[in-house]
Amino acid sequence: MWNLLLVASLGCAPKPVPVAPGPAPTAGLVEVTGMAARVPARELLLRTLATAVVAPCYEASLARDAGAYGEVVVAFTALADGTVEAASVHLSTLGDAEAEACVVRAVGALAFPGVTAERLSVVYPFVFTSDNTPPEAARALKARYKLLPPETEGDPTDPKAETPSGMVYLW
């Protein structure tokens, strides 16, 4: 139905979200400053953001416009006690002010206890696509944040066909 990629993936009356196990997401535009050599804490912060509950924000946007897609990059500051202050939209291509405000509220309601003993600034992208998103637009958004799988060789219309010598199909 719809895909929510939070860099991924990573919903509007959120509660603190438990951190999911596994590696932290990577993205082309994830910036964390103020973490002074605390890599495990940075990964914990990114995993928490990746599990942020922003899906209802996008669902509401799709209810208003079935073709809605884009990115919402949120900038915020996390304080030493783990609370979020000064969350705002840094950049958005979603074109839905209500959904953007919802995403900011969701991030603002997150808690990062024990992540840092200092103030830190974060810029984090949320990428939203659905089945109605034009494939080239979805691909461009995913490519911007390095969310695409490695390029596949072969004819996209016939996965069993041999690739002609010297030819690579990229889609």
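Our structure is the block above this text.
Colleague: What am I meant to see in the state of the cysteines here?
Modeller: A covalent bond between the sulfur atoms of two cysteines is referred to as a disulfide. Applying the stated criterion across every chain yields a total of one disulfide. A sulfur-sulfur separation of 2.1 Å characterises the disulfide bridge that pairs Cys 57 with Cys 102. On the sign convention where negative means left-handed, the S-S torsion of about -70 degrees between Cys 57 and Cys 102 marks this disulfide as left-handed. Taken together, the residues span a long stretch of sequence, with Cys 57 in helix α2 (residues 55-64) and Cys 102 in helix α3 (residues 97-108) at a distance of 45 residues.

Colleague: In this structure, what is going on with the pairing of strand β5 (residues 120-130)? I would like to understand it.
Modeller: Within a regular strand, the side chains alternate between the two sheet faces. When you tally the buried positions in β5, you get ten out of eleven residues, the bulk of the element. Sheet analysis places strand β2 (residues 31-33) next to β5, joined by three bridges and oriented antiparallel. Considered in β5, the bridge of Glu 31 is made with Val 123. Where strand β3 (residues 70-78) and β5 come together, nine bridges link them in antiparallel fashion. Bridge pairing in β5 links Gly 70 to Phe 128.

Scoring rules and cut-offs
Residues numbered from 1 in each chain as written. Predicted model: local features only at pLDDT ≥ 70, side-chain atom pairs only at ≥ 80, totals over all residues. Heavy atoms only, no water. Disulfide = S-S within 2.5 Å. Helix = DSSP H or I, 4+ residues; strand = E, 2+ residues; numbered from the N terminus. Buried < 20%, exposed > 50% of the residue type's maximum accessible area, 1.4 Å probe, protein only. Pairing = 2+ DSSP bridges.

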